[in-house]
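# Residue-level structural notes
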Amino acid sequence: MSVLTTTEEDLVQKAFEDLIDHCTHCDGKTDQKMIRKAFRMANEAHKGMRRKSGEPYILHPIAVAKIVTHEIGLGAKSIICAILHDVVEDTEYTVEDIENHFGKKIASIIDGLTKISDVFDNKSSLQAENFRKMLLTLSDDVRVILIKLADRLHNMRTLQSMPPNKQIKVSGETTYLYAPLAHRLGLYAIKTELEDLSLKYRYPKVYNDLLNMVTDNEKKRGHMINTFALPLIDKLENVGYEFDITGRPKSIYSIWNKMQTKNIPFEEVYDLLAIRIIFDAHPEIPEKTQCWNIYSMITDTYKPKPDRIRDWVSMPKANGYEALHVTVMGPEGKWVEVQIRSHRMDEIAERGFAAHWQYKQAGKGSSAELDRWIKKIRELLDNPDSNALEFLDDFKLNLFASEILVFTPKGQIKSLPKLATTLDFAYEIHTEIGNRAIGAKVNHKLVSLNYTLKSGDQVEILTSDSQRANREWLYYVTTAKAKSAIRTVLKSETKDHIQKGKQIIEEKLKEYNLKPSSRVFKKLFPAYDVRSKDELYSKIGTGIVTLGDLKKILRKNTKNKWIRYWELQFTSSSKNKKPAENKAEKDSYSGSHYMIRENLDDTESEFSIAKCCNPIPGDDVIGYKNQDGSIVIHKIKCPKAIRLMSSQGNRIVPATWTTHKILSYLASIHIQGLDSFGIYNNITTIISKELSVNMRNINLVSHDGVFEGSIDLYVHNTKDLNNLIMNIMKIKGVESVKRVEKIED
Ligand code: MN
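Note that the structure is predicted; figures quoted are calculated from it, not measured.

### Overview of the overall build of the protein chain
If you tally the helices and strands in the protein chain, you get 31 helices and 19 strands. When the 745 residues of the protein chain are sorted by exposure, 48% land in the buried category. Considering only residue pairs separated by 6 or more positions, the protein chain has 66% of its internal contacts joining residues 24 or more positions apart.

### Quick notes on the coordination of the manganese ion
In the first shell of the manganese ion, the protein supplies H60 (NE2), H85 (NE2), D86 (OD) and D151 (OD), at 2.2 to 2.4 Å from the metal. Ordering the donors of the manganese ion by residue number gives the pattern H-x24-H-D-x64-D. Residue H60 is found in helix α3 (residues 59–71), and its partner D151 is found in helix α9 (residues 142–157); the two are separated by 91 residues along the sequence. One exposure class covers both H60 and D151, and it is buried.

### As for the sheet that holds strand β14 (residues 631–635)
Strands pair in a sheet through their backbones, by hydrogen bonds, and they do so in one of two ways: parallel or antiparallel. The mixed open sheet is built from five strands, whose spatial order is β11-β15-β13-β14-β12. The outermost strands of the open sheet, each flanked by one partner alone, are β11 (594–596) and β12 (607–609). The mean inter-strand angle of the sheet, taken between neighbouring strand axes irrespective of direction, is 35°. Pairing analysis gives three bridges linking β11 to strand β15 (residues 652–657), with the strands arranged parallel.

### Thoughts on the packing of aromatic side chains
Tallying each qualifying case throughout the model produces nine aromatic pairs. For the pair Y253 and W256, a centre-to-centre distance of 5.8 Å together with 50° between the ring planes defines the contact as tilted. One end of the pair is Y253 and the other is W256, both in helix α13 (residues 252–262) and three residues apart, which spans about a single turn. W256 carries the same exposure label as Y253, and that label is buried. Ring plane angle 50° and centroid distance 5.8 Å describe the contact between F521 and F525, whose orientation is recorded as tilted. Separated by four residues within a single helix, F521 and F525 lie in helix α24 (residues 518–528), roughly one turn from each other. Residue F521 is classed as buried on the basis of its relative accessible area, which comes to 4%. Following the ring pairs from residue to residue traces out a cluster consisting of Y203, Y253 and W256. Above the plane of the ring of F102 lies K37, whose end atom (NZ or CZ) is 5.2 Å from the centre. The cationic tip of K305 hangs over the ring face of W335; the distance from NZ or CZ to the ring centre is 4.9 Å.

### Some details on the pairing of β15
Here β15 lies mainly inside the structure; five of its six residues are buried. One ladder, built from three bridges, connects strand β13 (residues 621–625) with β15; its direction is antiparallel. Bridging from a neighbouring strand, Y624 pairs with I652 of β15.

### Quick look at the packing of helix α2 (residues 29–45) against helix α6 (residues 95–102)
For the pair α2 and α6, the least separation of the axes is 11 Å and the interaxial angle reads 150°. Put simply, α2 runs roughly antiparallel to α6. The crossing of α2 and α6 is right-handed. Contacts between α2 and α6 involve M34, K37, A38 and M41 from the first element and D97, I98, H101 and F102 from the second. Residues of the contact of α2 with α6, tallied by class, amount to five nonpolar, one polar and two charged.

### Notes on the side chain of R276
With respect to the helices and strands, R276 occurs in strand β2 (residues 273–279). Other than its neighbours up to four places away in sequence, R276 contacts D244, I245, T246, R248, P249, Q339, R341, D346 and E350.

### Details of the pairing of strand β16 (residues 665–674)
Summarising burial for β16: eight of the 10 residues are buried, a large majority. Note that β16 and strand β18 (residues 706–715) share 10 bridges and pair antiparallel. Its bridge partner being in β18, I669 is matched across the sheet by I711. Examined bridge by bridge, β16 and strand β19 (residues 734–740) share six bridges and lie antiparallel to one another. Across the sheet, S668 pairs through a bridge with V740, a residue of β19.

### With respect to the environment of S161
Inspection of the secondary structure assignment puts S161 in the loop between α9 and α10 (164–184). It is 6.1 Å that separates the C-alpha atoms of S161 and K52, two residues lying 109 residues apart in sequence. If we skip the residues at most four places from it in the chain, S161 touches K52 and S53. One polar contact links the side chain of S161 to the main-chain carbonyl oxygen of T158, over a distance of 3.2 Å.

### Comments concerning α13
Residues three or four positions apart in an α-helix share a direction because the helix packs 3.6 residues into each turn. Buried within α13 are the following residues: I252, Y253, I255, W256 and M259. All buried residues of α13 lie within an arc of 165° about the axis, which places them on one face of the element. Among the exposed residues of α13, those pointing more than 90 degrees away from its buried face are T261 and K262. One or two residues past the end of α13 sits N263, with phi positive at roughly 55°.

### Describing the confidence of the model for the protein chain
Per-residue pLDDT for the protein chain averages 79, and the proportion of residues at 70 or more is 80%. Of all the helices and strands in the protein chain, helix α28 (residues 583–587) carries the lowest mean pLDDT, 37, while helix α20 (residues 422–429) carries the highest, 94. Overall, residues 357–370 carries pLDDT values under 50, and its contacts beyond four positions in sequence, including any with other chains, amount to 21 contacts. Confidence drops under pLDDT 50 across residues 558–591; counting only partners more than four residues distant or on other chains, this segment forms 45 contacts.

Rules behind the numbers
Residues numbered from 1 in each chain as written. Predicted model: local features only at pLDDT ≥ 70, side-chain atom pairs only at ≥ 80, totals over all residues. Heavy atoms only, no water. Helix = DSSP H or I, 4+ residues; strand = E, 2+ residues; numbered from the N terminus. Buried < 20%, exposed > 50% of the residue type's maximum accessible area, 1.4 Å probe, protein only. Contact = heavy atoms within 4.5 Å. Donors = N, O, S within 2.8 Å, 3.2 Å for Na, K, Ca; no water. Pairing = 2+ DSSP bridges. Axes fitted to C-alpha atoms, helices over the stretch in contact; angles between N-to-C directions. Phe/Tyr/Trp six-rings, centres within 6.5 Å; stacked < 30°, edge-to-face > 60°. Lys NZ or Arg CZ within 6 Å of the ring centre and 35° of its normal. Parallel < 35°, antiparallel > 145°, perpendicular 65-115°, else oblique. Left-handed = near helix turned anticlockwise from the far one by under 90°. Nonpolar A, V, L, I, M, F, W, Y, C, P; charged D, E, K, R; others polar. Polar contact = N/O pair within 3.5 Å; in protein donor to acceptor, adjacent residues only side chain to side chain. Arc of directions from axis to C-beta. pLDDT = per-residue confidence, 0-100.

This is how it looks when you write it as structure tokens:
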């Protein structure tokens, strides 16, 4: 800390007077008085403090205030906040002090600014959480975010005095968060400067090379612009338009970015001309009409490229951008993009919709788009399930993707990020519509849920009450809203499955007089390839793990007496071809156990599969012993078997499948999906590719573009069947595949 020299004090005073003199929206004596008061407080608070560069600290808040008013166009309150923005954070002053002197509103903005000042810490989770906080404050008062951007811009402008590692870090954050945020708020000029400065510190050589190339090519470019503009200037002047016609300046960053993404050399990027025509709007004619009028004059001279008209006049972008873009064939046979804007539109484009809205304060109409955006963020923040890091990723994605505009069947416009799918659209309309979506009609044609939408598409969502959101859907969607809604469903479903699976296995163990002890789980985990109880439960609950071989697993390498007993039974019953003569049978058959083996020789099988329930290897089954000693295998849940158990319990025998790899059993699956081109072919190809599966019968019907039906197949066991089901699920357009358990009473 060192006291300021007189020269420095003069410098500070001068900087402040300059701010006051050029303050755009602070009319009135009270405003000026409050700004001076803020300056005195900040000056006192930061007394003796210096920045890394050595200059007096107070110059920083003054500079931020200048950006806030000159470059963003905000008024007196924002200037006061900008001047005070580092006071609470860096000095002894508190938010209460601010409130006492400047009132509640300003205190709350300063509080917001102080809280988000450590947005970028070293830990990424903290960073994301703080970013979330930042956006929360944003929805309270958008000025917090605008002043924060001004603060960042000034820090970027003065980054030179920071050590190199800090420069890289700050530049990185600027590229990833601040520039996209500025873009999303429509602060085009600030966004461009932030990007250029970031590039300068991240890749100094690249930046300087490009800067030199731009300077070298300026003359040539100027000539090209003039050649193109001259005939237009004549025409426009003849009908009395006041206008500016300029080449659209290309930022170093945008040139670099294009070279990277399109993999083309500098010349190719730089030679692409973009022209901007900014006109004084005639007060009595709608600006839209004037834009199209100018468009018509341009296209009288140069031929337009029909698919390259962008009408942001009839439909402004979500960030408020308005302009008419057209691409025409220039005099040298090159495409030239022309942007047509009124001065008002240009102001919004350059300085941002937020600023425009801020000082206009004309009522709700002009801020509707901004409000909508803030509302969207609010929805995400309000969802307690959205993890902060996930949120940051989703948000980044939303920021970077440019948007598309699509229509509801009733002609309502919805804005979605680029690459959004029909499922995103469904969730955009309503969470329940998303959860129940089975497909969509885009421009009256049936498409699947992962169909990528294009601007101008008309989308109608088809729903079904039996539909459930599933994990695959996370790959279908891009919007943060859809992702977080799907995750919410999945989380609650997992809970249900765990509950169900827990119940199933506990009941099962009870049958064998076992408790779900850690000794039992020690055997089950490796056998079912799971790592936790919850994983096991959920796999049982979803049917991925069937407990057909539970006994076998429990039997393995055990010294438990109970299991030993079963082992004895196994040996005796399996050695003996005719269980009827088995010793155990004489006492009570129900005490014995039947192993269902694949019968490979041609001799008559000693067991048969019950026609009423058609069990397949892997299913939980029991055996019913006929008079002749043969065994009929039923599913445990088969009603007929249940009746037999109660009436002829002595003929019931526990049964377990051994490995079944050669013989096949009949099973049936039910499929539902969207009737898209080639889907039947895809399904049958998958089935025939599975070596262990043969089709017997296909019965699929389609109606209203949705198909459903069943396929009967021969499989070796439930594992094969589950694999097949999973593979069919992966086919685009297939919505659900379930095993059908036809059980006849
Ligand atoms: Mn600051």
